[in-house]
Amino acid sequence: MPVKHVQRTAPANNYYRNTSFETLAVSWLTYDGWEVFTPIIDHDMKTDLLISDGDNFYRIQIKTVETNDESFQVENRWGDAKIDFVIYFSKSANWGYIMKPFMQKRKPLKAKGHIKFHQHAKPFIKAFSTI
């Protein structure tokens, strides 16, 4: 059985965990039939994923939170970047939220118009199709 021998620093371990949620979203969107692209550099454009249905393209920002409180206030970390969707994953619970980007400084995860999903492919795809 393979054994992981590497000991990562806390910042590196956090980066790996955050990236795993981006990869999870890529997998689920691909499973649903979207063309999924990942930018080589994500600096200033705030685009973690670019998806296409063949005719249209949508820019997505992936975020994680360390909470199981759905009324948690998330910050606008994308400013006025032209993104289409923000997907939040909870690292400490088995849910997430899909939303349109908001311009306010902070907003609760469970705000009106934000769509909750269970962290599995079918509930995610169902939630994404309703946004």
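I will try to describe carefully the structure that is included in this document. (Residues numbered from 1 in each chain as written. Predicted model: local features only at pLDDT ≥ 70, side-chain atom pairs only at ≥ 80, totals over all residues. Heavy atoms only, no water.)

**As for the environment of Phe 21**
Locating Phe 21 in the fold gives a position in helix α1 (residues 10–31). C-alpha separation for the pair Phe 21 and Phe 89, spaced 68 residues apart in sequence, amounts to 7.1 Å. The contacts of Phe 21, once residues within four sequence positions are left out, are Ile 62, Thr 64, Phe 89, Ser 90, Lys 91 and Gln 119. (Helix = DSSP H or I, 4+ residues; strand = E, 2+ residues; numbered from the N terminus. Contact = heavy atoms within 4.5 Å.)

**Re α1**
Here α1 spans 32 Å end to end across 22 residues, near enough to the 32 Å set by a 1.5 Å rise per residue. Within α1 the residues assigned to the buried category are Phe 21, Ala 25, Trp 28 and Leu 29. Buried positions in α1, seen along its axis, are confined to an arc of 105 degrees and lie on one side of it. Summarising the geometry of α1, the exposed residues directed more than 90 degrees from the buried face are Tyr 15 and Tyr 31. Where α1 is buried, its residues touch β1 (35–37), β2 (49–52), β3 (57–65), β5 (85–90), β8 (115–118) and α2 (121–128). Gly 33 lies just past α1 and shows a positive phi near 100 degrees. (Expected span 1.5 Å × (residues − 1). Buried < 20%, exposed > 50% of the residue type's maximum accessible area, 1.4 Å probe, protein only. Arc of directions from axis to C-beta.)

**Points about the nonpolar core**
Counting residues in hydrophobic clusters, the biggest one holds 19 residues, and the most contacted among them are Ile 60, Phe 124 and Phe 128. At the level of secondary structure, the elements contributing two or more residues to this core comprise α1, β2, β3, β5, β8 and α2. Ignoring any residue separated from it by four or fewer positions in sequence, one finds Phe 124 in contact with Trp 28, Leu 29, Ile 87, Ile 98, Phe 117 and His 118. Membership of the second largest hydrophobic core comes to twelve residues, among which are Val 74, Trp 95, Tyr 97 and Met 99. (Core = buried A, V, L, I, M, F, W, Y, C linked by side-chain atoms within 4.5 Å.)

**Here we look at the pairing of β5**
For β5, the tally of buried residues reaches six of six residues, placing the bulk of the element in the interior. Burial along β5 is two-sided: the face carrying Phe 85, Ile 87 and Phe 89 and the face carrying Val 86, Tyr 88 and Ser 90 are both buried. Both β3 and β5 contribute to a ladder of six bridges, which runs parallel. Considered in β5, the bridge of Val 65 is made with Ser 90. With four bridges connecting them, β5 and strand β6 (residues 95–99) associate as antiparallel partners. Bridge pairing in β6 places Phe 89 opposite Gly 96. (Pairing = 2+ DSSP bridges.)

Just distances and angles here, no functional claims.
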